[in-house]
Amino acid sequence: MFKAAYPFASKFKYIAQTLAKVTDMIPFTVRPEGMEVKMLSPDKTTMIILRLPNLAFDSYECDSEKTFIVRADELTKIVRRGTRNDILEFLLDEERRRLVLVFRDKRTGVSRRFYLQLREGVVEKLGEPKIALPVKIRMLTEDFKNMLKDAKIVSDEIDMKAYSDRLEAIAEGHQKNYKNIMRIDKPLISYEASAEATATYGLDLLEVSLKAMQACETVYIEFGENFPMKLTFDIPGGGVLIYWVAPRAKT
Amino acid sequence: MGVNLKDLIPPEAKRQAEFSEFKGKVFAIDAYNALYQFLSAIRQADGTPLMDSRGRVTSHLSGLFYRTINFIEMGLKPAYVFDGKPPEIKAAELARRTRVKEEAAKKYEEAIRRGDLEAARRYAQMMSKLTDEMVEAAKKLLYYMGIPCIQAPGEGEAQAAYITIRGDSWATASQDYDSLLFGSPRLVRNLTISGKRKLPRKNVYIEVKPEIVELDKVLKYLGVTRSQLIDIAILIGTDYNPEGVRGVGPKRALTLIKTHGSLEKVIPLLKAEFPEDPIKIREYFLNPTVTDNYKIEWSEPDEKCLVDFLCGEYDFSKSRVNHAIERLKKAYRENIKVKQMGLDAWFS
């Protein structure tokens, strides 16, 4: 059996919306130690990993590993109904092949129940890119979001250039350019570049993570010379959302 | 027309696909097939194709221009493969097509006289004829768009299959199944007609999605070799023997070839007549005339030439064309000039 109560229904809304931007189906794996979603977009440009340990839940019961798939649009439509006062309960009804989602209002105790049919399919065992990334940055999600929005005004891609003392975000468009030089405390929370590196990423791919940013205060960014970018969001209350983005190669 | 293997393709060998799966992939598109699709689909209510002020048909150019831009925007890399000289064994099919068009033209006139627009549209679609001038215009348009055109020495589908076998394209794209007989490892159908489509004679719209058919799975699940699949197709009817064998449908053809092994053993049992030697037809599918002399390279769209060509020569709307060129330029910059890599390169 699998039954769990997540204390922040409104935060889960943003997480589910981020997951829904990558594929049409969301494959869940639940184990006694926690919940995991791992998905690779069909065009293999992005990968998303959600890990919520059992401690992130108010209550968590899972006797053995189970996998199930739900339609992303159906899940997001339901979780969008969650408010700040709601706890989101998950109950896997294996017999009827459905996931029961219950919003329980913390103040009034009123509950609203949704039944979501499970979809057929096998949850694929996916690996993760195996690379050491020399550039490691922590910044406020708000600053990261602004950087993407600024760059978007001039281009559809962003060049990330890491030097020993600074990070440069550059976008070049037709008759317009954007350059943002960032250093420790201005506005980076932490910065480490064991090697200089430059890589280019599509802004549309990075923007997918914007929803996740609404659930988290900081983002941990890692990248390397023409390597994928790894964005790690620490979810308040426990758990992480990892988002991998493949780089662009200029021909 | 091509061979109709639809009822024979095992469900395990085909699947619906999303365009997002095709990002970064090269498609060898059967150009004649695509142009006929555009010519047939892009029409006014009474079936009249789009035309310029001089009465020249422009439906094929409109379809080719806007659909190709959609492809590039979605990250696909199209290369159009044009038919060359048809093989001699195709004479019977070409004669049959001419007959069909002549009959459709008569019926079209009658339908117009009766005021039956639905029927008129249907017959007008059957009358669709691609002239040499239209093909040359299509090639010129693709050249200005920066899209590769490949001239096949013989059948375009054979050349597209060859390009795919060599790994220069990911799949062939056509509505017909012939490229599978020519050995293409992967065929994508519905590429040029995907989207909302009205069902003929019904006021019902359906969502048409691309369909991937994989040759190795077709052969595996049918339990035949490629040569046997060709034999089955010959019994059903191909472009080189359009009538097939009377009384032999896909299921019987499969059973006959699986039971007896090959056409050589089946033909004496059926006492069938063929417009061409069926063994010669099989040989053509196995060894068609193709060339290594092709280049698949995309280039920057030529804005001025596109405007001059479409608006100056063919009366396209300048504002619509300018808007589409902007989309093309952006898509070219994002999806072709710059290569979006996949994460799979870092998995191992």
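Report on the accompanying structure. (Residues numbered from 1 in each chain as written. Chains lettered and ligands numbered in written order. Predicted model: local features only at pLDDT ≥ 70, side-chain atom pairs only at ≥ 80, totals over all residues. Heavy atoms only, no water.)

**A short note on the environment of Pro210(B)**
Residue and element names in this part refer to chain B.
Now for step 1: Inspection of the secondary structure puts Pro 210 in the loop between β8 (205–208) and β9 (211–214).
Now for step 2: Along the backbone, Pro 210 and Arg 189 are 21 residues apart, and their C-alpha atoms lie at a distance of 5.7 Å.
Now for step 3: Discounting chain neighbours no more than four positions away, the residues touching Pro 210 are Arg 15, Gln 16, Ala 17, Phe 19, Phe 22, Val 188, Arg 189, Asn 190 and Ser 194. (Helix = DSSP H or I, 4+ residues; strand = E, 2+ residues; numbered from the N terminus. Contact = heavy atoms within 4.5 Å.)

**Considerations on the nonpolar core**
Now for step 1: Residues Phe90(A) and Phe223(A) are the most contacted members of the largest nonpolar core, which totals 77 residues.
Now for step 2: Three or more residues apiece are contributed to this core by two domains, here domain 1 (2–117) and domain 2 (135–245) of chain A.
Now for step 3: Within the second largest apolar cluster, 61 residues are counted, among which are Ile29(B), Leu35(B), Leu76(B) and Ala138(B). (Core = buried A, V, L, I, M, F, W, Y, C linked by side-chain atoms within 4.5 Å. Buried < 20%, exposed > 50% of the residue type's maximum accessible area, 1.4 Å probe, protein only. Domains from an automatic or database assignment.)

**Notes on the layout of surface pockets**
Now for step 1: Looking at the second largest pocket, its volume works out to about 1000 Å³.
Now for step 2: Thr23(A), Leu40(A), Pro42(A), Glu124(A) and Glu21(B) are the residues nearest the centre of the second largest pocket, which is lined by 32 residues in total.
Now for step 3: Taken together, the elements giving at least two residues each to the lining of the second largest pocket come down to β2 (25–31), β3 (34–40) and β6 (66–71) of chain A together with β9 of chain B.
Now for step 4: In terms of residue count, the dominant contributor to the lining of the second largest pocket is β3(A) (3 residues).
Now for step 5: Its residues assigned to classes, the lining of the second largest pocket shows 13 nonpolar, 4 polar and 15 charged. (1 Å grid on protein atoms, 1.4 Å probe; cavity = no way out; pocket = protein on both sides within 12 Å on 5 of 7 lines; lining within 4 Å. Points joined across faces, edges and corners; volume = space filled by probe spheres on them. Nonpolar A, V, L, I, M, F, W, Y, C, P; charged D, E, K, R; others polar.)

**Things to note about the sheet that holds β6(A)**
Residue and element names in this part refer to chain A.
Now for step 1: Taken together, 9 strands build an open sheet; the order of strands is β6-β2-β3-β4-β19-β18-β17-β10-β15 and the sheet is antiparallel. What marks the edges here is a single partner per strand, and that holds for β6 and β15 (190–193). The mean inter-strand angle of the sheet, taken between neighbouring strand axes irrespective of direction, is 15°.
Now for step 2: As defined by bridge partners, strand β10 (residues 135–140) adjoins strand β17 (residues 218–223) across 6 bridges and the pair is classed as antiparallel. Bridge pairing in β17 places Val 135 opposite Phe 223.
Now for step 3: Along the sheet, helix α1 (residues 9–20) contacts β2, β3, β4 (46–53) and β19 (240–245); its crossing angle with β4, the most-contacted strand, is approximately 150°.
Now for step 4: Together, β10, β17 and β18 (229–234) form the strand contacts of helix α3 (residues 141–154), whose direction differs from that of β10 by roughly 100°. (Pairing = 2+ DSSP bridges. Axes fitted to C-alpha atoms, helices over the stretch in contact; angles between N-to-C directions.)

**Overview of the packing of aromatic side chains**
For any pair of aromatic rings, the description rests on two quantities: the centre-to-centre distance and the angle between the ring planes.
Now for step 1: Applying the stated criterion across every chain, the model contains 24 aromatic pairs over all chains.
Now for step 2: Summarising the aromatic geometry, the rings of Tyr201(A) and Phe223(A) are spaced 6.5 Å apart at their centres and angled 80° between planes, so their arrangement reads as edge-to-face. Of this pair, Tyr201(A) sits in strand β16 (residues 197–202) while Phe223(A) sits in strand β17, placing them 22 residues apart in sequence. The same class applies to Tyr201(A) and to Phe223(A), which are both buried.
Now for step 3: Where Phe22(B) meets Phe27(B), the ring centres are 5.0 Å apart and the plane angle is 70°; that geometry is what we call edge-to-face. Assigned by exposure class, Phe22(B) and Phe27(B) land together as buried.
Now for step 4: Ring-pair connections join several aromatic residues into one group, and the members of that group are Phe2(A), Tyr6(A), Phe8(A), Phe12(A), Phe28(A), Phe57(A), Tyr60(A), Phe68(A) and Phe90(A).
Now for step 5: Looking at Arg166(A), its charged tip hangs above the ring of Tyr163(A), at a distance of 4.1 Å from the centre. (Phe/Tyr/Trp six-rings, centres within 6.5 Å; stacked < 30°, edge-to-face > 60°. Lys NZ or Arg CZ within 6 Å of the ring centre and 35° of its normal.)

**Things to note about the pattern of salt bridges**
Residue and element names in this part refer to chain A.
Now for step 1: All chains considered together, the criterion is met by 36 salt bridges over all chains.
Now for step 2: The partner of Glu 65 in a salt bridge is Lys 125, with the nearest N and O atoms 3.3 Å apart. With a gap of 60 residues between them, Glu 65 in the loop between β5 (59–62) and β6 and Lys 125 in the loop between β9 (111–117) and β10 connect regions that are remote in the sequence.
Now for step 3: Assessed through its relative accessible area of 68%, Lys 125 is described here as exposed.
Now for step 4: Here Lys 152 makes a salt bridge to Glu 207, at a shortest N to O gap of 3.5 Å. Note that Lys 152 is positioned in helix α3 and Glu 207 in helix α4 (residues 203–207), a separation of 55 residues in sequence.
Now for step 5: Judged by relative accessible area, Glu 207 falls into the partly exposed class, the value being 23%.
Now for step 6: Taken together, the salt bridges that share partners define one network made up of Arg 31, Glu 36, Arg 51, Glu 65, Lys 125 and Glu 128. (Salt bridge = Lys/Arg side-chain N within 4 Å of Asp/Glu carboxyl O.)

**Some details on the side chain of Thr200(A)**
Residue and element names in this part refer to chain A.
Now for step 1: Relative to the helices and strands, Thr 200 is located in strand β16.
Now for step 2: On the basis of relative accessible area, Thr 200 is assigned to the buried category, the value being 7%.
Now for step 3: A polar contact of 2.7 Å, which involves the side chain of Thr 200, links it to the side chain of Asp 159. (Polar contact = N/O pair within 3.5 Å; in protein donor to acceptor, adjacent residues only side chain to side chain.)

**Comments concerning unusual backbone geometry**
Residue and element names in this part refer to chain A.
Now for step 1: Of note, the amide linkage connecting Lys 186 to Pro 187 takes the cis form, showing an omega dihedral of -5°.
Now for step 2: For Pro 187, the location among the structural elements is in strand β14 (residues 187–188).
Now for step 3: A positive phi angle, close to 70°, is found at Asp 185, a residue other than glycine.
Now for step 4: In this structure, Asp 185 sits in the loop between β13 (176–184) and β14.
Now for step 5: Relative accessible area serves as the criterion here: at 64%, Asp 185 is assigned to the exposed category.

**Focus: the interface of chain B and chain A**
Now for step 1: Taken together, the 16 residues of chain B in the interface contact 28 residues of chain A.
Now for step 2: When chain B packs against chain A, close to 1900 Å² is buried across both sides, 61% of that on carbon and sulfur atoms.
Now for step 3: Of all residues in chain B, Leu343(B), Trp346(B) and Phe347(B) give up the largest surface area on contact with chain A, accounting jointly for 39% of the area buried on that side.
Now for step 4: Counting across the chain B and chain A interface gives 0 salt bridges.
Now for step 5: Counting every contact that joins chain B to chain A gives 5 residue pairs in polar contact (both at pLDDT 80 or more).
Now for step 6: Within the residue set of the side of chain B that touches chain A, elements represented by two or more residues are α14 (318–337) and β10 (338–340) of chain B. (Buried area = accessible area lost by both parts, 1.4 Å probe.)

**Brief notes about the pairing of β9(B)**
Residues and elements named next belong to chain B.
Now for step 1: Of the two faces of β9, the one holding Glu 211 and Val 213 and the one holding Ile 212 and Glu 214 are both buried throughout.
Now for step 2: Relative to β9, strand β1 (residues 14–16) runs antiparallel, the two sharing 3 bridges. Residue Arg 15 lies in a different strand from β9, and its bridge partner there is Ile 212.

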